[in-house]
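In case you want the letters, here they are:
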Amino acid sequence: MKNIVNPWYYNSNIVHNIDRYIQQHKLKYIYVDMDGVLIHSCQAICDMLNEIQGTNFAGDEVLSWNFREICPTLTDEDVEKLFADPMFFQYVQWIDGAFNFVKRYKNRVIIITKGTKENINLKREFLKGYFNLYLDLMFCSLNLNESKGNIDMSDSLFIDDCTNNLIESNAKYKIMFKEYNDNKEREWQKDWDGLVMYNW
C-alpha cells in the first residue's frame, strides 16, 4: 500500500519543525520575542484579572491589545501596570517546549522584548532564574515606543507574534509564532501572510 502524502503538510506556510528549519538555513542568530512567544503572557494577565473579578477567562479569549474582551474598563495604562506587577511573573508559565528551545540554542538565541522599565527589570529577573544572562543568553530590551526594526537582524531569523514587529524588521528570515492554533483573529496578528509556527 502506498504512503499517502498530505500536501497540506508540505505545501503550507506552516513551520512544523523549527530545529530542521534552523539547520536548513544554517542560522547563526535567532531573535525571539518573549511575550506570547516564549511565555504565556495573556494567560498570566487573565489569571490576575480572574482573581480580581471572580471570573474564569482563558488566554485564548484575548483578541485585543487592551484585553477588552475580558475587562472592558481596562485602560492602556492599566495593562502596562499589570505587566509590570511582580505578581505577573508568579503566574506566568513557559509555553510548552520554549524553555528547552532556548536552552538548546542559548548560544544563538537573542531574546528581544519591549516593555516598561519595571517590566523589563522583572523579565531579566525571571530569566536569571533559568539562565546566566549575558554569559549564556543574550537579552535585548526596548521601550514600548521603540521599533524592533531599529535592531539589525540581517542574515538572522526573527520569531515574533506581532505583524508590525515582523514587517519593520530587516531579518532575512521571519516567522510568526501563534500561541493558539485556532481561527480567531487577534489584533496584533492581522494581515500576516508569511511563515507561521504553532509550537516549539
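Scroll up for the structure.
Below or above, wherever it landed, is the structure these notes cover. Here the structure is a predicted model, which means the values were calculated and not measured.

We now examine the pairing of strand β2 (residues 109-114). Of all six residues in β2, five are buried; the element is thus mostly enclosed. Alignment of strand β1 (residues 30-32) against β2, held across three bridges, turns out to be parallel. Paired with Ile30 across the bridge in β2 is Val109. With five bridges connecting them, β2 and strand β3 (residues 138-142) associate as parallel partners. Across the sheet, the residue bridging to Ile110 is Met138, located in β3. Between β2 and its parallel partner β3, the chain crosses via helix α7 (residues 117-128), and the hand of that crossover is right-handed.

A separate point is helix α4 (residues 76-83). Along α4, the residues that are buried comprise Val79, Leu82 and Phe83. For α4, the buried positions fall inside an angular range of 95° around the axis, keeping them on one side. Counted as exposed and oriented over 90 degrees from the buried face of α4: Glu77 and Lys81.

Taken as a whole, this structure holds 16 aromatic pairs when the rule is applied. Summarising the aromatic geometry, the rings of Trp94 and Phe99 are spaced 5.4 Å apart at their centres and angled 65° between planes, so their arrangement reads as edge-to-face. Members of the aromatic cluster, connected to one another through ring pairs, are Phe67, Phe83, Phe88, Phe89, Trp94, Phe99, Phe126, Tyr130 and Phe131.

Moving on: the layout of surface pockets. Of the voids in this model, the largest pocket is the one considered here, and its volume is about 930 Å³. Where the lining of the largest pocket is concerned, the elements lending two or more residues are α3 (41-53), α4, β2, α7 and α8 (163-168). The class makeup of the residues in the lining of the largest pocket is nine nonpolar, 12 polar and 15 charged.

Side chains on a regular strand alternate between the two faces of the sheet. Along strand β4 (residues 157-160), one buried face is formed by Leu157 and Ile159 and the opposite face, lined by Phe158 and Asp160, is buried too. When β1 meets β4, the two strands line up parallel, connected through three bridges. Within β4, the residue paired with Ile30 across the bridge is Leu157. As defined by bridge partners, β4 adjoins strand β5 (residues 173-177) across four bridges and the pair is classed as parallel. Across the sheet, Phe158 pairs through a bridge with Lys174, a residue of β5.

In this structure the tally under the stated criterion is eight salt bridges. One salt bridge in this structure joins Arg104 and Asp19, with 3.2 Å as the shortest N-O distance. Taken as a pair, Arg104 in helix α6 (residues 98-104) and Asp19 in helix α2 (residues 18-25) lie far apart in primary sequence, 85 residues in all. Using a relative accessible area of 42% as the deciding quantity, one classes Arg104 as partly exposed. Residues Arg186 and Asp182 are paired through a salt bridge, measuring 2.9 Å at the closest nitrogen-oxygen approach. Residue classification places Asp182 among the partly exposed residues on the basis of a relative accessible area of 27%.

About the cut-offs
- Residues numbered from 1 in each chain as written.
- Predicted model: local features only at pLDDT ≥ 70, side-chain atom pairs only at ≥ 80, totals over all residues.
- Heavy atoms only, no water.
- Buried < 20%, exposed > 50% of the residue type's maximum accessible area, 1.4 Å probe, protein only.
- Helix = DSSP H or I, 4+ residues; strand = E, 2+ residues; numbered from the N terminus.
- Pairing = 2+ DSSP bridges.
- Right-handed = clockwise from strand over helix to strand, strands pointing away.
- Arc of directions from axis to C-beta.
- Phe/Tyr/Trp six-rings, centres within 6.5 Å; stacked < 30°, edge-to-face > 60°.
- 1 Å grid on protein atoms, 1.4 Å probe; cavity = no way out; pocket = protein on both sides within 12 Å on 5 of 7 lines; lining within 4 Å.
- Points joined across faces, edges and corners; volume = space filled by probe spheres on them.
- Nonpolar A, V, L, I, M, F, W, Y, C, P; charged D, E, K, R; others polar.
- Salt bridge = Lys/Arg side-chain N within 4 Å of Asp/Glu carboxyl O.

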